[in-house]
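This is what each chain is made of:
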Amino acid sequence: MAATQTRESRSAEARALTQELFEQLAGQKPGTAGHERVRTALIEANLPLVRYVAARFRSRNEPMEDVVQVGTIGLINAIDRFDSERGVQFPTFAMPTIIGEIRRYFRDNVRTVHVPRRLHEMWVQVSSATEDLTTAFGRSPTTAEIAERLKLAEEDVLACIEAGRSYRATSLEAAQEREDGLPGLLDRLGYEDPELDGVEHRDLVRHLLVQLPEREQRILLLRYYRNLTQSQISAELGVSQMHVSRLLSRSFARLRAANRIEA
């Protein structure tokens, strides 16, 4: 409980500091040293928000400092677009922008499949040799010719070529009519998972839940993730069922309001 109170205290202090800095920023003329100083202070004060968002992408096997750097770009964009007069808390406004920037980074700049560094470095050599030999021969070189040029085994060249394909994804709708008469990739996929529609909704709900007080978060989790009834929740928490019902109604109202603001 003490740790939770400490986190909430730090969060409240960060929000207060951010609000104060935005008020100072409004009084500075863009392009001046004072404006840049306050803007820099806003970026530094909200870097913990970037790190919090970046941690959600830890499983992507990309250096965390790169993800934080990309998220910081989203933070800066949010700071430049934020209007404090709209009555929206800055973290609520900034988080979708930071998440969107990081997702664009993974979509546009990161390999579709992670490959070992050794293969990646060899692929650069294979790619360069392929271009040189294509120019020299006036045609695409064979695997054996590339291997001879680089003094590599043909198996290594083939592995590098396969690794190079990780930089681009093939559309599921491409090559629907294959020359060998077999169905295309899209036709060979399994059934459509009905749970896929709920992925984005669950992600949004998790984001909104952290804005609620700890007790209301716990009640919602007990009700909709553990499927407990209101009477079971009241017994577990030691409060009346009527109080549980009131807290649920209040939580729903807050979540709906936050969702309308972000939309």
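Since the structure is predicted, the reported quantities are computational estimates derived from the model, not experimental observations. Sequence order sets the numbering: in each chain, residues are counted from 1 along the sequence as written. Under the rules for a predicted model, residues below a pLDDT of 70 receive no local features and side-chain atom pairs below 80 are neither given nor counted, while totals for whole chains, interfaces and linings still include all residues. Excluding hydrogens and water, the side-chain values take into account all heavy atoms of the structure.

## What about the overall build of the protein?
Move 1: Tallying secondary structure elements over the protein gives 12 helices and 0 strands in all.
Move 2: In sequence order, the secondary structure elements of the protein are arranged as α-α-α-α-α-α-α-α-α-α-α-α.
Move 3: A 1.4 Å probe rolled over the protein chains alone gives each residue an accessible area, and that area as a share of the maximum for its type sets the label: buried under 20%, exposed over 50%, partly exposed in between. In the protein, buried positions account for 30% of the 263 residues.
Move 4: The contact criterion used is simple: two residues touch if any of their non-hydrogen atoms lie within 4.5 Å. Taking all contacts inside the protein whose residues are at least 6 apart in sequence as the whole, residues at least 24 apart take part in 55%.
Move 5: Per-residue accessibility takes into account occlusion by the displayed protein chains alone, with areas from the Shrake-Rupley method and a 1.4 Å probe. About 17,600 Å² of surface is accessible on the protein, with carbon and sulfur atoms providing 51% of the total. Every helix listed is a DSSP run of H or I at least four residues long, and every strand listed is a run of E at least two residues long, numbered separately from the N terminus.

## Description of the packing of aromatic side chains
Move 1: Only Phe, Tyr and Trp rings are paired, with Trp represented by its six-membered ring, and only when their centres lie within 6.5 Å; those with planes under 30 degrees apart are stacked, over 60 edge-to-face, the remainder tilted. Evaluation of the coordinates by the stated rule reveals 4 aromatic pairs.
Move 2: With 5.4 Å between their ring centres and 55 degrees between their planes, Phe82 and Phe93 make a pair best called tilted. Separated by 11 residues along the polypeptide, Phe82 in the loop between helix H4 (64–81) and helix H5 (90–109) and Phe93 in helix H5 bring together distant segments of the chain. For the pair formed by Phe82 and Phe93, the shared burial category is buried.
Move 3: Among the aromatic residues, those joined into a ring-pair cluster are Phe22, Phe82, Phe90 and Phe93.

## Some details on the UniProt feature "domain: RNA polymerase sigma-70" (unreviewed entry) in the protein
Move 1: What UniProt calls "domain: RNA polymerase sigma-70" (unreviewed entry) maps, in this numbering, to residues 66–79.
Move 2: Regarding residues 66–79, the helix share stands at 100% and the strand share at 0%, and the terminal C-alpha atoms are separated by 20 Å. UniProt positions are given in the numbering used here, feature names are shortened, and annotations may be inferred rather than shown by experiment.

## Examining the environment of Ser231
Move 1: Topologically, Ser231 is positioned in helix H11 (residues 230–237).
Move 2: When the C-alpha atoms of Ser231 and Ser245 are compared, they prove to be 9.5 Å apart, with 14 residues separating the residues in sequence.
Move 3: What qualifies as a polar contact is a pair of N or O atoms within 3.5 Å, subject to a donor-acceptor requirement within protein and to the restriction that residues adjacent in sequence count only when both atoms come from side chains. At 3.0 Å, the side chain of Ser231 forms a polar contact with the side chain of Thr229.

## Some words on the nonpolar core
Move 1: Of all hydrophobic cores here, the largest spans 29 residues; its most connected members are Leu75, Phe90, Ile98 and Ile102.
Move 2: Elements represented by at least two residues in this core include exactly helix H1 (2–26), helix H2 (33–45), helix H3 (47–55), H4 and H5.
Move 3: At 9 residues, the largest contribution of residues to this core is made by H5.
Move 4: Among the nonpolar cores identified, the runner-up in size contains 10 residues, and Ile219, Leu222, Leu228 and Val244 belong to it. To qualify as a nonpolar core, a set must consist of buried Ala, Val, Leu, Ile, Met, Phe, Trp, Tyr and Cys residues joined through side-chain atoms within 4.5 Å.

## Some points on the confidence of the model for the protein
Move 1: Confidence in the prediction of the protein, expressed as mean pLDDT, is 75, and 70% of residues score 70 or more.
Move 2: Contacts of residues 196–201 to residues separated by more than four positions or lying in other chains number 1 contact, the stretch itself having pLDDT below 50. Each residue carries a pLDDT score, the predictor's own confidence in it, on a scale running from 0 to 100.

## Comments concerning the pattern of salt bridges
Move 1: Salt bridge, as used here: a side-chain nitrogen of Lys or Arg that lies within 4 Å of a carboxyl oxygen of Asp or Glu. Using the criterion set out here, one finds 7 salt bridges in the structure.
Move 2: Note that Arg218 and Glu236 form a salt bridge whose closest N and O atoms lie 3.5 Å from each other. Of this pair, Arg218 sits in helix H10 (residues 214–224) while Glu236 sits in helix H11; the two residues are 18 residues apart in sequence, bridging distant segments of the chain.
Move 3: You can call Glu236 partly exposed: its relative accessible area is 36%.
Move 4: Put simply, Glu36, Arg39 and Asp80 are held in one network by salt bridges that share partners.

## Comments concerning the environment of Trp123
Move 1: Turning to its location among the elements, Trp123 is positioned in helix H6 (residues 117–137).
Move 2: We classify Trp123 as partly exposed; its relative accessible area is 23%.
Move 3: With 34 residues separating them along the chain, Trp123 and Val157 place their C-alpha atoms 7.9 Å apart.

## Quick look at the layout of surface pockets
Move 1: Only protein atoms enter the 1 Å grid, on which a cavity is a set of points fitting a 1.4 Å probe that cannot get out and a pocket is an open set with protein on both sides within 12 Å along at least 5 of 7 lines, lining residues being those with an atom within 4 Å of a point. Grid points are joined across faces, edges and corners, and a volume is the space filled by probe spheres set on the points. Estimates place the volume of the second largest pocket at around 250 Å³.
Move 2: Every residue lining the second largest pocket is counted, 13 residues in all, and those nearest its centre are Phe22, Leu25, Ala26, Ile79 and Phe82.
Move 3: Taken together, the elements giving at least two residues each to the lining of the second largest pocket come down to H1, H2 and H4.
Move 4: The element best represented in the lining of the second largest pocket is H1, accounting for 4 residues.
Move 5: Of the residues belonging to the lining of the second largest pocket, the class tally is 5 nonpolar, 3 polar and 5 charged. Residues were grouped as follows: Ala, Val, Leu, Ile, Met, Phe, Trp, Tyr, Cys and Pro as nonpolar; Asp, Glu, Lys and Arg as charged; and all remaining residues, including Gly, as polar.

## Describing unusual backbone geometry
Move 1: Phi is positive for Lys151, which is not a glycine, with a value near 60 degrees.
Move 2: Tracing the backbone shows Lys151 in the loop between helix H7 (143–150) and helix H8 (154–164).

## Quick word on H3
Move 1: Listed in full, the buried residues belonging to H3 are Leu47, Leu49, Val50, Val53 and Ala54. Seen end-on, H3 carries its buried residues on one side only, within an arc spanning 155 degrees. In this description, one arc is meant: the one made by directions from the helix axis to the C-beta atoms.

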